[in-house]
Amino acid sequence: MPPEQVPQPSRFFSVHMQKTGGISLYMQMQREFGEQGVYPDPTDGDPVADAPQLMVPRLIERWAVRRDQIRVVTGHFPLCTTELLDADFSTFTVLRDPVERTLSYLRHHGKTTPARSGLSLEEIYEDPGNFSHFIENHMVKMLSLTREEMTDGMMTVVNFDDRRLETAKRSLERLDVFGLQEDMEGFVRLLESRYGWGLGPTVHENVTEHSEVPGSFRKRIAEDSRLDMELYEHARELLREPG
């Protein structure tokens, strides 16, 4: 056993931040654990009609049925969701530059949502419901939501302040593993070395086509995502620290 490898825990929880390469990682984890070993699998429901990758009640329902099969829970579930499942998890996540993550989300949303067809990225961004549910400081919310305040999974609307940012930072530090989307290959290799997995070659799925946007729009996203920007920089600093 290599020095950096640790005994493999029985279950894992992947906090899948939107547009950070989570679908690709999901497919790679299926290589290690099989289709049934990674939640959600096809038996857990239709991605649109049932949204097993998004709806916490659906996850709890399917966990009761498939608990003994599932080795990895992944999906757009806040970290606190682990408290609703009767198991101990090794936890990990991938963060991404908040501006790039938001732009990727906007491109994906415009492409896959017929009602948004023809709208500019700025127009999609300005929709209040879309912004508060899916965009605003998304990464901070995923790591700071508490079990008590989570009413609608990752779509729970919260107030953002520096206290919430500090909660997210401490949660990040307590994760077993985390990485950055721009070094996804390095993150995958880290998982392999730590847990002895065989995830295989990198997969590129659910990738949106890059498009240029005005610098003023990028600046606006960065300002609106101040807490996410600080969390992301904190993650980079932690990864730069020796050891």
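A separate point is the overall build of the chain. On a plain count of helices and strands, the chain comes out with 10 helices and 5 strands. For the chain, the C-alpha radius of gyration of 18 Å lies close to 18 Å, the compact-globule estimate for 243 residues. When its C-alpha atoms are laid out on the principal axes, the chain stretches across 50 × 45 × 35 Å. Going through the 243 residues of the chain one by one, you find that 50% of them count as buried.

As a general feature of sheets, a regular strand has side chains that alternate between the two faces. By the alternation rule, side chains of strand E3 (residues 72–75) split into Val72 and Thr74 and Val73 and Gly75, which are all buried. Where strand E1 (residues 12–15) meets E3, 4 bridges bridge the pair, whose relative direction is parallel. Bridge assignment links serine 14 to a residue of E3, and that residue is threonine 74. As paired strands, strand E2 (residues 38–39) and E3 are joined by 2 bridges and run parallel to one another. Along E3, the bridge assignment pairs valine 38 with valine 72.

Our next topic: the packing of aromatic side chains. Across all of its chains, the model carries 13 aromatic pairs by this definition. Aromatic pair phenylalanine 12 and tyrosine 195: ring centres 5.0 Å apart, planes at 70 degrees, arrangement edge-to-face. Of the two residues, phenylalanine 12 is situated in strand E1 and tyrosine 195 in helix H8 (residues 184–195); the sequence distance between them amounts to 183 residues. Accessibility classification places phenylalanine 12 together with tyrosine 195 in one group, the buried group. For the pair tyrosine 125 and phenylalanine 217, a centre-to-centre distance of 5.3 Å together with 90 degrees between the ring planes defines the contact as edge-to-face. Taken together, the residues span a long stretch of sequence, with tyrosine 125 in helix H4 (residues 121–125) and phenylalanine 217 in helix H9 (residues 215–224) at a distance of 92 residues. The exposure classification of tyrosine 125 matches that of phenylalanine 217, with both residues buried. By the ring-pair criterion, three or more aromatic residues cluster together here, those being Phe12, Phe33, Phe92, Phe187, Tyr195 and Trp197.

Moving on to unusual backbone geometry. Geometrically, the link from tyrosine 39 to proline 40 is a cis peptide bond, its omega value of 0 degrees lying close to zero. When you line up the elements, proline 40 lands in the loop between E2 and helix H2 (56–66). Although it is not a glycine, asparagine 137 sits at a positive phi angle of roughly 40 degrees. According to the relative accessible area criterion, asparagine 137 is buried, its value standing at 4%.

For the rest of this paragraph, the subject is the pairing of strand E5 (residues 177–180). Where burial is concerned, the two faces of E5 agree: the one with Val177 and Gly179 and the one with Phe178 and Leu180 are both buried. Across 4 bridges, strand E4 (residues 90–95) lies against E5 in parallel orientation. Bridge pairing links threonine 93 to phenylalanine 178 in E5.

Formed by 51 residues in total, the largest nonpolar core has its most connected members in Val73, Leu95, Leu106, Leu143 and Leu231. Residues in contact with valine 73, not counting those within four places in the same chain, are Phe12, Phe13, Ser14, Tyr39, Leu59, Trp63, Leu85 and Phe89. Counting 17 residues, the second largest nonpolar core, distinct from the first, contains Phe12, Tyr26, Met184 and Val188.

This brings us to the packing of helix H3 (residues 98–112) against H9. The contact between H3 and H9 brings their axes to 9 Å, and the two run at 110 degrees. Relative to H9, the element H3 is oriented roughly perpendicular. Contacts between H3 and H9 involve Pro98, Val99, Glu100, Thr102, Leu103 and Leu106 from the first element and Phe217, Arg218, Ile221 and Ala222 from the second. Tallied by class, residues from the contact of H3 with H9 come to 7 nonpolar, 1 polar and 2 charged.

Quick look at the sheet that holds E3 now. Taken together, 5 strands build an open sheet; the order of strands is E2-E3-E1-E4-E5 and the sheet is parallel. A strand with exactly one partner marks an edge of an open sheet, and here the two such strands are E2 and E5. Of the pairings in the sheet, the one linking E1 to E4 comprises 4 bridges and is parallel in character. Looking at E4, one finds that serine 14 is bridged to phenylalanine 92.

Let's shift gears to H2. Turning to H2, its buried residues are Val56, Arg58, Leu59, Arg62, Trp63 and Arg66. For H2, the buried positions fall inside an angular range of 150 degrees around the axis, keeping them on one side. Residues of H2 that are exposed and point over 90 degrees away from its buried face: Pro57, Ala64 and Val65. In this fold, the buried residues of H2 make contact with E2 and E3.

Conventions adopted
Residues numbered from 1 in each chain as written. Predicted model: local features only at pLDDT ≥ 70, side-chain atom pairs only at ≥ 80, totals over all residues. Heavy atoms only, no water. Helix = DSSP H or I, 4+ residues; strand = E, 2+ residues; numbered from the N terminus. Rg over C-alpha atoms; globule rule 2.2 N^0.38 Å. Buried < 20%, exposed > 50% of the residue type's maximum accessible area, 1.4 Å probe, protein only. Pairing = 2+ DSSP bridges. Phe/Tyr/Trp six-rings, centres within 6.5 Å; stacked < 30°, edge-to-face > 60°. Core = buried A, V, L, I, M, F, W, Y, C linked by side-chain atoms within 4.5 Å. Contact = heavy atoms within 4.5 Å. Axes fitted to C-alpha atoms, helices over the stretch in contact; angles between N-to-C directions. Parallel < 35°, antiparallel > 145°, perpendicular 65-115°, else oblique. Nonpolar A, V, L, I, M, F, W, Y, C, P; charged D, E, K, R; others polar. Arc of directions from axis to C-beta.

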